[in-house]
Amino acid sequence: RKRCIRISTGSKQLDAALNGGFQTMSLNEVYGEFRCGKTQLAHTMAVIAQLPKEMGGAEGKVAYIDTEGTFRPERIMEIAERFGVDPDQACENIAYARAQNTEMQTELLDGLAANFATNEYRLLVIDSVMSLYRTDYVGRGELSERQQVLGQFLRRATQMAEEFNLVVLMTNQVMSDPGASALFAGVDGRKPAGGHILAHASTTRLLLRKGRGEERVAKIVDSPDCPEREATYIITTGGIND
Ligand code: GTP
Ligand code: MG
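Residues numbered from 1 in each chain as written. Chains lettered and ligands numbered in written order. Predicted model: local features only at pLDDT ≥ 70, side-chain atom pairs only at ≥ 80, totals over all residues. Heavy atoms only, no water.

(A) Structural context of the pattern of salt bridges. Inspection of the entire model under this criterion finds seven salt bridges. Note that Glu-33 and Lys-210 form a salt bridge whose closest N and O atoms lie 3.4 Å from each other. Of this pair, Glu-33 sits in the loop between strand S3 (26-32) and helix H2 (38-48) while Lys-210 sits in strand S8 (residues 204-210), and the two are 177 residues apart along the sequence. Note on Glu-33: relative accessible area 26%, which makes it partly exposed. (Salt bridge = Lys/Arg side-chain N within 4 Å of Asp/Glu carboxyl O. Helix = DSSP H or I, 4+ residues; strand = E, 2+ residues; numbered from the N terminus. Buried < 20%, exposed > 50% of the residue type's maximum accessible area, 1.4 Å probe, protein only.)

(B) Inspection of the site of ligand 1 at higher detail. The immediate surroundings of ligand 1 are formed by 14 residues, with Arg-35, Lys-38, Thr-39, Gln-40 and Arg-75 found nearest. With respect to ligand 1, the backbone of Gly-37 contributes an N or O atom lying 3.1 Å from an oxygen atom. Where the shell around ligand 1 is concerned, the elements lending two or more residues are H2 and strand S10 (230-236). Residue contributions to the shell around ligand 1 peak at three residues, all from H2. A class-by-class count of the residues in the shell around ligand 1 yields three nonpolar, five polar and six charged. (Near = heavy atom within 4 Å. Polar contact = N/O pair within 3.5 Å; in protein donor to acceptor, adjacent residues only side chain to side chain. Nonpolar A, V, L, I, M, F, W, Y, C, P; charged D, E, K, R; others polar.)

(C) Spotlight on the environment of Arg-75. Within the secondary structure, Arg-75 is located in helix H3 (residues 73-82). Taking the C-alpha atoms as reference points, Arg-75 and Val-168, 93 residues apart in sequence, are found 20 Å from one another. When residues no more than four places from it in sequence are discounted, the contact partners of Arg-75 are Gln-40, His-43, Thr-236, Thr-237 and Gly-239. (Contact = heavy atoms within 4.5 Å.)

(D) Focus on the pairing of S3. Among the seven residues of S3, seven are classified as buried, and the element is accordingly described as predominantly covered. Both faces of S3 are covered, namely the face carrying Ser-26, Asn-28, Val-30 and Gly-32 and the face carrying Leu-27, Glu-29 and Tyr-31. Sheet analysis places S3 next to strand S7 (residues 167-173), joined by seven bridges and oriented parallel. Note on S7: the bridge partner recorded for Leu-27 is Val-168. Taken together, the five bridges between S3 and S8 define a ladder with parallel strand orientation. Residue pairing for S8: Val-30 is matched across the bridge by Leu-206. (Pairing = 2+ DSSP bridges.)

(E) Quick look at H2. In terms of burial, H2 is largely enclosed, as eleven of its eleven residues are buried. Residues Lys-38, Thr-39, Gln-40, Leu-41, Ala-42, His-43, Thr-44, Met-45, Ala-46, Val-47 and Ile-48 constitute the buried set of H2.

(F) Region of the structure containing the packing of aromatic side chains. Here the structure, examined in full by the defined rule, presents seven aromatic pairs. For the ring pair Tyr-64 and Phe-71, a centre distance of 4.6 Å and an interplane angle of 55° mean the geometry is tilted. Comparing Tyr-64 with Phe-71, the two get one shared label, buried. Where Tyr-133 meets Tyr-137, the ring centres are 6.4 Å apart and the plane angle is 15°; that geometry is what we call stacked. Among the residues examined, Tyr-133 registers a relative accessible area of 0% and is labelled buried. By relative accessible area, Tyr-137 is classed as buried at 14%. Above the ring of Phe-34, the side-chain terminus of Lys-210 is found at 4.3 Å from the ring centroid. (Phe/Tyr/Trp six-rings, centres within 6.5 Å; stacked < 30°, edge-to-face > 60°. Lys NZ or Arg CZ within 6 Å of the ring centre and 35° of its normal.)

Below, the structure written as structure tokens:
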């Protein structure tokens, strides 16, 4: 029987708010405005997932689907140094792929089943999950088709998380267009893209925002086992930290 593992975020405060980190066998969504640290969190967890369990890791390999071209091996190497692991080895343990469109995003996910079948992987990053859907399906006319295709993608990702004991970490943007956000759930301009289909697919959702100075704030939104609470963190050369 597979056992659920928690992977640390790099911030003790944020880990505490998440009861120890993000759980395997679940889909998780991290959303927020630009430069709030979504990609940095993805990089940090791509290193931590490889660490021993007593260091908050899962002793696993990582798959990384990059839809925006913002993956930086140099950052992985710097974060690896913080945790005292070999920087080249840390990079080698990450199966990286760049998706150029939604079809490719789905194909890459399907193709990863072969990697995951080795039982060596514990983290799948999708940074970001919605950006290609937003460029491939433009306007209201294509919205229902988009949501249908997105739903298939998310069901597959959920299956994989459960079958292969993975943390699936998806990042997402918040929509700035008030018309677009009104289309879904609200009018406050802080709604994540993807609508109800994405919201319901994610087990734990984290809303990130900028705080004072270098500080960032994460708010846990509808998690099954954590109350709604906030944690602060900072972005350093060594990744997400307190
Ligand atoms: P979008 O993808 O644009 O929506 O943003 P994001 O949420 O993915 O932001 P990202 O994770 O790229 O965070 C960008 C922030 O991380 C910037 O404010 C940088 O200052 C900070 N950052 C990136 N690299 C480093 C680093 O090496 N050292 C430090 N201290 N900060 C860094
Ligand atoms: Mg980013």
